[in-house]
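The chain contents come next:
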Protein chains: 6
Amino acid sequence: MKPTEFEPADTVLSGETADIYFAHTIDILRREATNPVATMEVFPSRAGILCGIEEVKALLTRVLPEDNREVWALSEGEAMGRKEALLRITAPYQSYGLYETAIVGVLAHCSGWATAARQCVEVAEGIPIISFGARHVHPSVAGIMDYSAIVGGCDGCSSASGAKLAGIEPSGTMPHALILVMGDTVEATVAFDRYMPSEISRISLVDTFKDEAEESLRVAEALGDRLNAVRLDTPSERGGVTADLVKEVRVRLDLAGFKHVKILVSGGIDPERIAYFIESGAPVDGFGVGSYISGARPIDCTADLHEVDGKPIAKRGRTPGITPNPRLKRIL
Amino acid sequence: MKPTEFEPADTVLSGETADIYFAHTIDILRREATNPVATMEVFPSRAGILCGIEEVKALLTRVLPEDNREVWALSEGEAMGRKEALLRITAPYQSYGLYETAIVGVLAHCSGWATAARQCVEVAEGIPIISFGARHVHPSVAGIMDYSAIVGGCDGCSSASGAKLAGIEPSGTMPHALILVMGDTVEATVAFDRYMPSEISRISLVDTFKDEAEESLRVAEALGDRLNAVRLDTPSERGGVTADLVKEVRVRLDLAGFKHVKILVSGGIDPERIAYFIESGAPVDGFGVGSYISGARPIDCTADLHEVDGKPIAKRGRTPGITPNPRLKRIL
Amino acid sequence: MKPTEFEPADTVLSGETADIYFAHTIDILRREATNPVATMEVFPSRAGILCGIEEVKALLTRVLPEDNREVWALSEGEAMGRKEALLRITAPYQSYGLYETAIVGVLAHCSGWATAARQCVEVAEGIPIISFGARHVHPSVAGIMDYSAIVGGCDGCSSASGAKLAGIEPSGTMPHALILVMGDTVEATVAFDRYMPSEISRISLVDTFKDEAEESLRVAEALGDRLNAVRLDTPSERGGVTADLVKEVRVRLDLAGFKHVKILVSGGIDPERIAYFIESGAPVDGFGVGSYISGARPIDCTADLHEVDGKPIAKRGRTPGITPNPRLKRIL
Amino acid sequence: MKPTEFEPADTVLSGETADIYFAHTIDILRREATNPVATMEVFPSRAGILCGIEEVKALLTRVLPEDNREVWALSEGEAMGRKEALLRITAPYQSYGLYETAIVGVLAHCSGWATAARQCVEVAEGIPIISFGARHVHPSVAGIMDYSAIVGGCDGCSSASGAKLAGIEPSGTMPHALILVMGDTVEATVAFDRYMPSEISRISLVDTFKDEAEESLRVAEALGDRLNAVRLDTPSERGGVTADLVKEVRVRLDLAGFKHVKILVSGGIDPERIAYFIESGAPVDGFGVGSYISGARPIDCTADLHEVDGKPIAKRGRTPGITPNPRLKRIL
Amino acid sequence: MKPTEFEPADTVLSGETADIYFAHTIDILRREATNPVATMEVFPSRAGILCGIEEVKALLTRVLPEDNREVWALSEGEAMGRKEALLRITAPYQSYGLYETAIVGVLAHCSGWATAARQCVEVAEGIPIISFGARHVHPSVAGIMDYSAIVGGCDGCSSASGAKLAGIEPSGTMPHALILVMGDTVEATVAFDRYMPSEISRISLVDTFKDEAEESLRVAEALGDRLNAVRLDTPSERGGVTADLVKEVRVRLDLAGFKHVKILVSGGIDPERIAYFIESGAPVDGFGVGSYISGARPIDCTADLHEVDGKPIAKRGRTPGITPNPRLKRIL
Amino acid sequence: MKPTEFEPADTVLSGETADIYFAHTIDILRREATNPVATMEVFPSRAGILCGIEEVKALLTRVLPEDNREVWALSEGEAMGRKEALLRITAPYQSYGLYETAIVGVLAHCSGWATAARQCVEVAEGIPIISFGARHVHPSVAGIMDYSAIVGGCDGCSSASGAKLAGIEPSGTMPHALILVMGDTVEATVAFDRYMPSEISRISLVDTFKDEAEESLRVAEALGDRLNAVRLDTPSERGGVTADLVKEVRVRLDLAGFKHVKILVSGGIDPERIAYFIESGAPVDGFGVGSYISGARPIDCTADLHEVDGKPIAKRGRTPGITPNPRLKRIL
């Protein structure tokens, strides 16, 4: 994975996405001609995986004065503790005060996604996880969400924009819509096989019209060695995918000589569900995870000034002065 | 409120933000020369307030063939039941199949925000709610999040981009940073009063350096009649804002002759907390709500084909044919 | 329903099935020449539906002296309260003391079954219930269990011996074994239709090899008007029968013109599950209930002497003298 | 213990106790001249102690063709795991299909009883357990219930029929009825002692008329060395038997020189209650257990065909082919 | 009831029982010659029954200057709400500051006892309650505790000192010790009857040596019409007193012609237990309540200065100025 | 610590505080001329720290005949198990029977307080605990309560009477009243410093008018090296004292050069709260504990006769004869 460079959006640089009171603050300070060097530190409200710091760095690179700045931070994808100082900016306050909203927003949202992804990865014991949640978030963040899932440890993602940010190829199978439009699972799978370039995996979705085990055998017979996997996505109205179903499909495929065909599982997958499959010994070869990752709560972050003009300071409830954290690395 | 027009982003139109398998699907169908008129319906996974349908309409207006389309939907801000059909699109499948990810993503995310806002509004019994959560989401969705909060019933929001989408002015007080940089709450408030245009409310944040009650009296004495309100945002390290604190500040302001000064409360506000203040009889004049709204889980939506070429169809677990819903209005 | 006459078993009359200490007691009393007229009353440990009193009456008719006996009781199928006196026997103690074990055993076991059946009937709101639990109890009580279920309100039962006791015809569909031996559901259903007398309902079991909805349509097409019903018995490994599945099969049968085909549901059915189907609005036409009825806990009964030789008496913890109960009817 | 031989009942052999649909099935297969060699396996729905396999073996010995049968099973009293294959029958299907109901019914009911007995035995740490529950079940199964309790580990049972099946002598004390009829505990105990053969234990029930401790001393003084034990059966209306009561009776008996008199406890005994007495250090010499064993839920069993004519087969949700289990022993 | 006058103890007047810092405070204020008229108000931390105000009034009468004092309060035995102002003292601070500890201590402890008593009285539906808890508190407060129980609604108490404070006669039955020393319940009861003046009730304690029902009949036969009541106090080791025991003793006494003998119940009685007897329909004629009342938690009280020299004042967290309460009556 | 001698109160010696039935008992026994040597043992209803035995010993010394007594007991402050014999008196019954109420009352109440104190001490890991609860109990027991807290392990107490009983000096800071009367925390602290003898610690209460951190710095600057500590007692209306507040005050004092100033915490302190501060790493130097200790439930004690005239005896539910306890020491 070799991620692309982040580029700050115009609406961020202009302050349009900021809380209006930061615009007012900069305005007042300018008129008062007050622009002390100030140190702002950022703290997460709960432990997790840091994500978004690369995007924040790209923003700070653009706005901080090159000759009067010092920025320290944890790295993209690193674990962070609750209330640990994860970022420290020292620079003239007017240069960055307007961007507090964007900085903590990026870190909160991306770290929320990456942390949820990591939770799935940790219980999956090496079975690959693909992020399938683009369909549950606004398209403006579909890409950055999938990027964060990759940072958190996912092996792939379904959106092209997310894959591009992460520097990988997007992953996918086929939607129910294709099968419904073509009217038969085997027919749709054969068409997929006919037109798609060979580097794209042949993964057939087998729960649309017939019993999953029966349909798995039908598509396996149709594609033979070229079939890479079947995907089980049984809806809750039919009891969802169960560990017993996976085992049975495995046995029936094996009995029919299709040991090479893998089984992917999707639909309501979360860490608890992944643990259930693993504890039940179900031979799953990959999980598609949707809203558990994409709908994860952001990890709210606090940004506090701890030094102004070299003097320790803090609002009530916080401790004045720089917060020591030997894990921080200088990034600017 | 007179919202701006929505404009589909290029990355949505190009399919970059879509699940890759929809791109494959359209590709296969084109090669197969299969393009039936198909009816897709969208259903929310839980009850809530619909939001995002205006943005979806703007997208469909661009992509559906004008002479062969029919779109029915509930309205922006309307209540929707669990699994109620909220949108029905009938058009040649190739014209819109690629946009399934974006359509359900917009609806899921925006409806999640609007629904959380509505929950706050419903318990607040008429006390205004301002959306303060831009700092907890990625800046790419800060504006649409605040717009959704307004659709859900909030009286204002802090981001300029959100206010613009909603056709209102942004709301704000002052950040702790201004007070910390200037070194004193009274001094910062006086500066704010000096430079800000008169149409902007004078709202002083009174928990930075001194006891909230003491500071409230100090800023009230400094600004007199021009002070509109004080904002209490006591951090959890100091016990947070309590109903008793609000009552005490009210009594102390009243005893000193500042009955016109309102009291706003922020910091960890959610419906439970709002109910607590109201049940305790605390004289709050406004609530600032942050991550309860901005971090709300999206309301995942399902999109299913129910008719292809005029024939009822459905995948296993779903009922074939058009799902009746007399509440739908034709929008295209 | 016109039940058969009960006939006491030889092993009961001989005292073989009794607690040995009652045999000792009768032996001692005979040697002591002590045979007072004593009144024994029976009380259930929890409320329920009385069953077994007809069998008890048959026993008492055989053993009590015709000229010195008085027996009062509630009726078969009547509701009884917790600790209500449900049976009162007044006769020379030696004539019936040996049968205490059998009397309370019959009443406890049968009332337990009848009460469980009644609980199902009460939530089913008129939808017929068939007792399918013979396979979960020892064959020596399979018949009396099914008889008790009928007393409790079931509309039918699967065992021939139970049906005979209750004076009805046994009910049944077909087992998975028939389908597995014949290799196909349609083939098995057609064979059933070919050989079975016309008064036996044609009910096809549709979950053995294929998706239930698909199989339902196949058997409906094969038998046409002669198909009475399909039975859904989806195993838990496949998520069990869900309300959504019943609805979907109904819609698919109706769309294909098979509105006359009923839908029966079995597999893990209990009152909670019946309520779930009814609250979900699933169009079920009949429930098969197994171990909820047949495995019901007996309603333990207490038998106490309350009068000996006309004098009130009782062990510690019980109230001396006859326990008044105006609901008792004289049966001997 | 040397159990008697089991003998299949006529009502079982005739199919009268079977689910009617098995009779139909055999009828259809005969007319179709279909009689493949089929393998049926039986699986318990939860872990426990297997009981009833001897009775099942007696039935199979009668019905399977001697030259074309193979039966493998676990042994009477052996532990079985959840869903472990406990019995495998391979024979022409028509020879045994009718008996599926009886086979799983015997195994379910008997294993339920034996398992409950084992649970009591396991917490009792060597203190003997007597099955006293005949009075809570139908007399048709009183004997087989007590037999199953012995298989589960009980040291004795109260029914003569149960003791006979298990090849032991029945156990018993005296009922409240004897004492109430004779009017005094000491008088009843003395009469018992006078008439009963010397090999029967003298165990006096001491809670009928007077305080248990007082009565214990009275009967001990009356019988002296010949008194084997007292039984405490205090009713719940008087607080039930408590550990403190046992300790106190023990001390009072010892102080009066009756160290040889044992103390038995009955009334609402179950594993939790046994554990309570043991953890409290109460010197109990034996427990009488009633409805915990006799009212135990059967362990429902599933019978599935896994091979027909040598080919692996299974209904949906089950795995085709023989289920490996190296613990099975060939019994026929 | 005509209570005695309260008299402040010397150790209270001298300040010996006060928190030492109040002694320091008075010392400092004297040296500073600061003695403003100050208003102190007292608030309970939870709702309850006020008790102790008469004792507090006696103290204030002694220490406040007659010509410069004003005291308002709720009345002894009145209900008070949580945080309601229950007492307001206006006088020169030096005259009463030292007694803050004693004032709130008296009110907290006495109100705790009275409130617990009231809870018993409220569920007892008119059945008399006697305070039996002197044995669970230090003898220095045994009297004031029993006085508080009477204020809370008890009909009597066992301590002579409490009865004296409340202006009534003490109530009592007999202790187990008397029976144990004399060796027999009947003998002890007869001796009691022989020597005690006729105005003292004959109440026999019937659980010492024999079964309660048996003993009740023995003492009733011994004293005949002169026996007023029996008291059941069965220890927990024997299951405690149950509703069934009360009913049984009642029936046995009635059957034997002792309808005039009442039944008192003691031992672990609290409101929950009283409700249990009443809901069970047990014919109890009186309850003896011990540690539920005597061990009740004090109702902690807060004492705050709200006015000094006529000016509203308050510490942080409290509201400056007099707290309005129209229910207060002037008492000094 | 060198405690004072206890002296029995006249109201105890006269029997005024006793349950009236003990007075009756002694009266009856005198008239019957029955005065056997009897052994009474006392047992606590739950485990805890024994306290009050010194006061009981003082009473027994006064009332038991010197030549015919034997008293064994555990020691003041020793741990006692549930239902362990903690005191054994052997003497003529008439000499001590009247004092049963006082003996168990003293032990119950004092042990309750000492046990609660010990619970605080055990979680405090060496941080000193001061008993501040005199204000929550009746002044008649304020001293003995504080004495018991010291026995339980507290380092000090606020009442002079308690300190005297324990042989130590009372501890205290200053009340809110002093600050409210003087109008300013600094002014009050300076006055305290001016007049109080030097051996009394200078501890300033810093939450009355201003923010605690701000006020701490103000008093530290005013007293400099002479300030020993600040006390945080933030009321619940302001969120109570939090671990974060303690940390912040510590850092701000240290930054300003006042490392010698300690921090005491009070207000709603109990073991759970102490554990919270310790687990949070808050640098607390001492806790003031109020109603957790002073409002502790007494440990109800049972007094039973176990031997009369040398013969083992006991009421039902108890074991006759002396209860062995090798831990008892002879005290009289």
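Above this text sits the structure in question.
Every value quoted in this text rests on a predicted model; they were computed, and no experiment measured them.

Conventions used here
- Residues numbered from 1 in each chain as written.
- Chains lettered and ligands numbered in written order.
- Predicted model: local features only at pLDDT ≥ 70, side-chain atom pairs only at ≥ 80, totals over all residues.
- Heavy atoms only, no water.
- Helix = DSSP H or I, 4+ residues; strand = E, 2+ residues; numbered from the N terminus.
- Buried < 20%, exposed > 50% of the residue type's maximum accessible area, 1.4 Å probe, protein only.
- Contact = heavy atoms within 4.5 Å.
- Areas by Shrake-Rupley, 256 points an atom, 1.4 Å probe, with all protein chains shown as cover.
- Least-squares fit on C-alpha atoms with pLDDT ≥ 70 in both.
- Pairing = 2+ DSSP bridges.
- Axes fitted to C-alpha atoms, helices over the stretch in contact; angles between N-to-C directions.
- Expected span 1.5 Å × (residues − 1).
- Buried area = accessible area lost by both parts, 1.4 Å probe.
- Salt bridge = Lys/Arg side-chain N within 4 Å of Asp/Glu carboxyl O.
- Polar contact = N/O pair within 3.5 Å; in protein donor to acceptor, adjacent residues only side chain to side chain.
- Nonpolar A, V, L, I, M, F, W, Y, C, P; charged D, E, K, R; others polar.

Caption draft 1: Broad picture of the overall build of chain A. Each helix and strand counted, chain A has 13 helices and 14 strands in total. Each of the three principal axes of chain A carries a C-alpha extent, and together these read 80 × 40 × 35 Å. Out of the 332 residues in chain A, the part that is buried amounts to 64%. Excluding contacts between residues fewer than 6 apart, the proportion of contacts in chain A whose partners are at least 24 apart in sequence is 73%. When the accessible surface of chain A is summed, it comes to about 11,500 Å², and 48% of that surface belongs to carbon and sulfur atoms.

Caption draft 2: Focus on the relation of the copies chain B and chain A. Of the transformation placing chain B onto chain A, the axial shift is 0.0 Å and the rotation is 180°, giving an RMSD of 0.0 Å. When the rotation and shift are considered jointly, the pair of chain copies conforms to a two-fold rotation axis. For chain B, the smallest separation between a C-alpha atom and the rotation axis is recorded for S140 of chain B, amounting to 3.0 Å.

Caption draft 3: Quick look at the sheet that holds strand 8 (residues 203–205) of chain C. Residues and elements named next belong to chain C. Strand order in this open sheet of 6 strands is 7-6-11-10-9-8, and the pairing throughout is parallel. The open sheet has two free edges, formed respectively by strand 7 (156–157) and strand 8, since each of these has just one partner strand. Here 4 bridges tie strand 9 (residues 229–232) to strand 10 (residues 262–266), and the two strands are oriented parallel to one another. Looking at strand 10, one finds that L232 is bridged to V265.

Caption draft 4: Examining the sheet that holds strand 13 (residues 311–312) of chain F more closely. All names here are of chain F. With antiparallel pairing, the 6 strands of this open sheet are ordered in space as 13-12-1-5-3-14. The strands lining the two open edges of the sheet, one partner per strand, are strand 13 and strand 14 (329–330). In the sheet, strand 1 (residues 37–44) pairs with strand 12 (residues 301–308) via 7 bridges, with the strands oriented antiparallel. When the sheet's bridge partners are listed, V42 is paired in strand 12 with A303. Across the sheet, helix 5 (residues 100–123) is in contact with strand 1, strand 5 (87–92) and strand 12; its angle to strand 12 comes to roughly 135°.

Caption draft 5: Summary view of helix 5 (residues 100–123) of chain B. Residue and element names in this part refer to chain B. Here helix 5 spans 35 Å end to end across 24 residues, near enough to the 34 Å set by a 1.5 Å rise per residue. When you tally the buried positions in helix 5, you get 19 out of 24 residues, the bulk of the element. Backbone geometry just downstream of helix 5 places E125 in the positive-phi region, at approximately 50°.

Caption draft 6: Seen up close, the interface of chain B and chain A. Tallying the contact residues gives 88 residues for chain B and 88 residues for chain A. For the pair chain B and chain A, the summed buried surface comes to about 7,900 Å²; carbon and sulfur atoms form 60% of the total. Between E100 of chain B and R135 of chain A there is a salt bridge, and its shortest N-O distance comes to 2.9 Å. Scanning the region where chain B abuts chain A turns up 40 residue pairs in polar contact (both at pLDDT 80 or more). At the level of elements, helix 2 (20–32), helix 5, helix 6 (139–152), helix 7 (160–166), helix 8 (176–182), helix 9 (185–195), helix 13 (291–294) and strand 12 (301–308) of chain B are the ones that each hand at least two residues to the side of chain B that touches chain A. The greatest single-element share of the side of chain B that touches chain A, amounting to 10 residues, is contributed by helix 2 of chain B. Its residues assigned to classes, the side of chain B that touches chain A shows 45 nonpolar, 21 polar and 22 charged.

Caption draft 7: Summary view of the side chain of S159 of chain A. Residues and elements named next belong to chain A. Along the polypeptide, S159 turns up in the loop between strand 7 (156–157) and helix 7 (160–166). Within the structure, the side chain of S159 is placed 2.7 Å from the side chain of D146, a separation counted as a polar contact. Of note is the side chain of S159, whose polar atom sits 3.0 Å from the backbone nitrogen of G162.

Caption draft 8: A look at the interface of chain D and chain C. Contact with chain D, which involves 88 residues of that partner, is made by 89 residues of chain C. Summing the contributions of chain D and of chain C, the shared interface buries around 8,000 Å²; its carbon and sulfur component is 60%. Between the two partners, chain D and chain C, sit 14 salt bridges. When the shortest N-O distance is used, the salt bridge between R318 of chain C and E237 of chain D registers 3.2 Å. Going through the elements one at a time, helix 2 (20–31), helix 5 (100–123), helix 6 (139–152), helix 7 (160–166), helix 8 (176–182), helix 9 (185–195), helix 13 (291–294) and strand 12 (301–308) of chain D are the ones with two or more residues in the side of chain D that touches chain C. Broken down by class, the residue content of the side of chain D that touches chain C amounts to 45 nonpolar, 21 polar and 22 charged.

Caption draft 9: Here's a closer look at the pairing of strand 12 (residues 301–308) of chain E. All names here are of chain E. When you tally the buried positions in strand 12, you get 6 out of 8 residues, the bulk of the element. Sheet topology places strand 12 next to strand 13 (residues 311–312); 2 bridges connect them, and they run antiparallel. The partner of E307 across the bridge, within strand 13, is P312. Linking two consecutive strands that pair antiparallel, namely strand 12 and strand 13, is a turn of 2 residues; a positive phi of about 55° is found at D309 within it.

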